[in-house]
Amino acid sequence: MPVERVTCEDFWILSRILKKNLYINGLDVRYNLISDVGAYYAARLLQKQHKLIYLNLMFNDIGPEGGELIAKALHKNTTLKYLRMTGNKIENKGGMFFAAMLQINSSLEKLDLGDCDLGMQSVIAFATVLTQNQTIKGINLNRPILYGEQEESTVHLGHMLKENHCLVELHMCKHNVKNCGIKQLCDALYLNGSLRYLDVSCNKITRDGMVYLADVLKTNTTLEVLDLSFNRIENAGAKYLSETLASYNRSLKALSVVSNNIEGEGLVALSQSMKINPTLSNVYIWGNKFDEATCVAYSELMQMGRLKPDNTDVEAYVVDGHVYLAEVSNGLKRHYYWRPTYGAACRHSANAGFTLVPVGGHL
């Protein structure tokens, strides 16, 4: 059905009303058409309204010029805690203005610039700035526009993690991270004592990369949520992780290996590690290759109460005496881009990553 969307003229009226309002502290105008003109009024609002702590502008046709206006408005803003610019094509130019803003702003705690067409230059600028910024607790740099195979962005973000001891949540989806890149991140995690949520989904990490990750998880005691969805770790990678989770690590709470070309042997190994590890509570495995042993193993975990139905993305059912697994709409961030048309808008089971590691004001 056609839906009337908020335009820049509508947003001008809204911003004028909100400038004088002392009670509203969050504004969500995602998936509208406010464009760069509306971004001008959003910037004015950030300068005038001193109660706003949450602003969601995702997918609003804001370009580099609008991004510049909002970034510069945040130079003097001391109240905003969480800004979502997701899906606005601010490109490398706009990204540079946001990186410069983080050198000045000392109040923003979470910044989402996923799908903003950031370039290599701006990703490196963010990595450089975050070695000094002590305020940002969560940042999303998903899907930058990168050229070449050198994994420069991963190298710089790895260096940043060695220096930064305040960042709690880092999203690096679609960064073209390979095994060399995950080694850079793992080397940094030996020295980092703050990161609790690492998202490296939708990359090119294989079983060889899991050797480095399994090794660092033996000594790392801060990482609680690890998203490896849509890589290719296969059986060997799953077994490396399983051995570490069974024998060493007692801090990881949630692991997603969705769509990683893992077969029964690797999936059963993960299920066995859950029987030994009392801390790992959330496991997401859909999109891999289930055999009957896998279905039985996860069915048993759920029957014995070790794996709660809300903490996984599968449920067991029986047909003609054989156990199968069906998909359930649970995950680490199922509602990142959208909200369901019925039921609870922010179910903890569908957004477990943000529930286990709450960073920023989720309204």
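Data block above holds the structure.
What you see is a predicted model; the values in this text were computed from it and never measured.

> Give a description of the overall build of the chain that names residues and reports values.
Along the backbone of the chain there are twelve helices and twelve strands. In terms of C-alpha radius of gyration, the chain reaches 21 Å, essentially the compact-globule figure of 21 Å for 363 residues. With the principal axes as the frame, the chain shows a C-alpha extent of 65 × 45 × 35 Å. Taking all 363 residues of the chain together, the buried fraction comes to 53%. The contacts in the chain between residues at least 6 apart in sequence include a share of 82% that link residues at least 24 apart. Surface summary for the chain: the accessible area is close to 15700 Å², and the carbon and sulfur share equals 54%. Distance between charge centres in the chain, computed from 37 positive and 36 negative side chains, equals 8 Å.

> Explain the state of the cysteines to me, and be specific about the residues and the numbers.
Inspection of the entire model under this criterion finds zero disulfides. Left unpaired, Cys-8 is separated from the closest cysteine sulfur, that of Cys-116, by 19 Å. When its relative accessible area of 14% is taken as the criterion, Cys-8 is described as buried. Free of any disulfide, Cys-116 has its nearest neighbouring cysteine sulfur in Cys-173, separated by 13 Å. Of the residues examined, Cys-116 reaches a relative accessible area of 0% and is grouped as buried.

> Quick rundown of the sheet that holds strand β6 (residues 169-171)? Include the residues and the values.
The parallel open sheet is built from ten strands, whose spatial order is β1-β2-β3-β4-β5-β6-β7-β8-β9-β10. Looking at the sheet topology across the chains shown, the edges are occupied by β1 (26-28) and β10 (282-284). Sheet twist, expressed as the average angle between the axes of neighbouring strands with direction ignored, equals 5°. Two strands pair when backbone bridges link them, and strand β8 (residues 225-227) and strand β9 (residues 254-256) are joined in this way by three bridges, in the parallel orientation. Each residue of the ladder has a partner; that of Leu-226, found in β9, is Leu-255.

> How would you summarise the environment of Gly-114 if you had to cite specific residues and measurements?
Structurally, Gly-114 is set in the loop between β4 (110-112) and α5 (120-129). Its relative accessible area of 0% is what places Gly-114 among the buried residues. When neighbours within four sequence positions are excluded, Gly-114 is seen to be in contact with Thr-86, Gly-87, Asn-140, Asn-142 and Tyr-336.

> So, the pairing of strand β12 (residues 322-327): which residues are in play, and what are the values?
When strand β11 (residues 314-319) meets β12, the two strands line up antiparallel, connected through six bridges. Each bridged residue has a counterpart across the sheet, and for Glu-315 the counterpart in β12 is Ala-326. Taken together, β11 and the strand that follows it, β12, pair antiparallel across an intervening segment of two residues, in which Asp-320 is found at a positive phi of about 50°.

> Tell me about the side chain of Arg-30, residues and numbers included.
For Arg-30, the location among the structural elements is in the loop between β1 and α2 (35-48). Accessibility expressed as a relative area gives 19% for Arg-30, which makes it buried. In this structure the side chain of Arg-30 is engaged in a polar contact, spanning 2.4 Å, whose partner is the side chain of Asp-28. With residues up to four places along the chain from it excluded, the contact list for Arg-30 reads Asn-56, Met-58, Asn-60 and Arg-339.

> Tell me about the pattern of salt bridges, residues and numbers included.
Tallied over the entire structure, the rule returns 18 salt bridges. Between Lys-89 and Asp-117 there is a salt bridge whose closest N-O contact spans 3.9 Å. Pair noted here: Lys-89 is in the loop between β3 (82-84) and α4 (91-101) and Asp-117 is in the loop between β4 and α5, with a separation of 28 residues, a long-range link. We classify Lys-89 as partly exposed; its relative accessible area is 32%. Here Asp-187 and Lys-183 are joined by a salt bridge, their closest N and O atoms 3.2 Å apart. With a gap of four residues between them, Asp-187 and Lys-183 both fall in helix α7 (residues 179-189), about one helical turn apart. Each of the salt bridges in this network shares a partner with another, and the network as a whole consists of Lys-89, Asp-117 and Arg-143.

> Pulling in residues and values, what's your account of a nonpolar patch on the surface?
A cluster of nonpolar side chains, contributed by Trp-12, Ile-13 and Ile-17, occupies part of the molecular surface with about 300 Å² of accessible area. Its relative accessible area of 54% is what places Ile-17 among the exposed residues.

> Please give an account of helix α11 (residues 292-303) that cites residues and values.
Between its first and last C-alpha, α11 extends 16 Å over twelve residues, near the 16 Å set by a 1.5 Å rise per residue. Among the residues making up α11, those that are buried are Thr-294, Cys-295, Ala-297, Tyr-298, Ser-299, Leu-301 and Met-302. On the buried face of α11, the contacting elements are α10 (264-276), β11 and β12. Gly-305 sits one or two positions beyond α11 and adopts a positive phi of about 85°.

The rules behind these values
- Residues numbered from 1 in each chain as written.
- Predicted model: local features only at pLDDT ≥ 70, side-chain atom pairs only at ≥ 80, totals over all residues.
- Heavy atoms only, no water.
- Helix = DSSP H or I, 4+ residues; strand = E, 2+ residues; numbered from the N terminus.
- Rg over C-alpha atoms; globule rule 2.2 N^0.38 Å.
- Buried < 20%, exposed > 50% of the residue type's maximum accessible area, 1.4 Å probe, protein only.
- Contact = heavy atoms within 4.5 Å.
- Areas by Shrake-Rupley, 256 points an atom, 1.4 Å probe, with all protein chains shown as cover.
- Lys, Arg positive; Asp, Glu negative; His and termini not counted.
- Charge placed at Lys NZ, Arg CZ, Asp CG, Glu CD.
- Disulfide = S-S within 2.5 Å.
- Pairing = 2+ DSSP bridges.
- Axes fitted to C-alpha atoms, helices over the stretch in contact; angles between N-to-C directions.
- Polar contact = N/O pair within 3.5 Å; in protein donor to acceptor, adjacent residues only side chain to side chain.
- Salt bridge = Lys/Arg side-chain N within 4 Å of Asp/Glu carboxyl O.
- Patch = residues over 30% accessible without salt bridge, like charges linked within 9 Å, V, L, I, M, F, W, Y side chains within 5 Å.
- Expected span 1.5 Å × (residues − 1).

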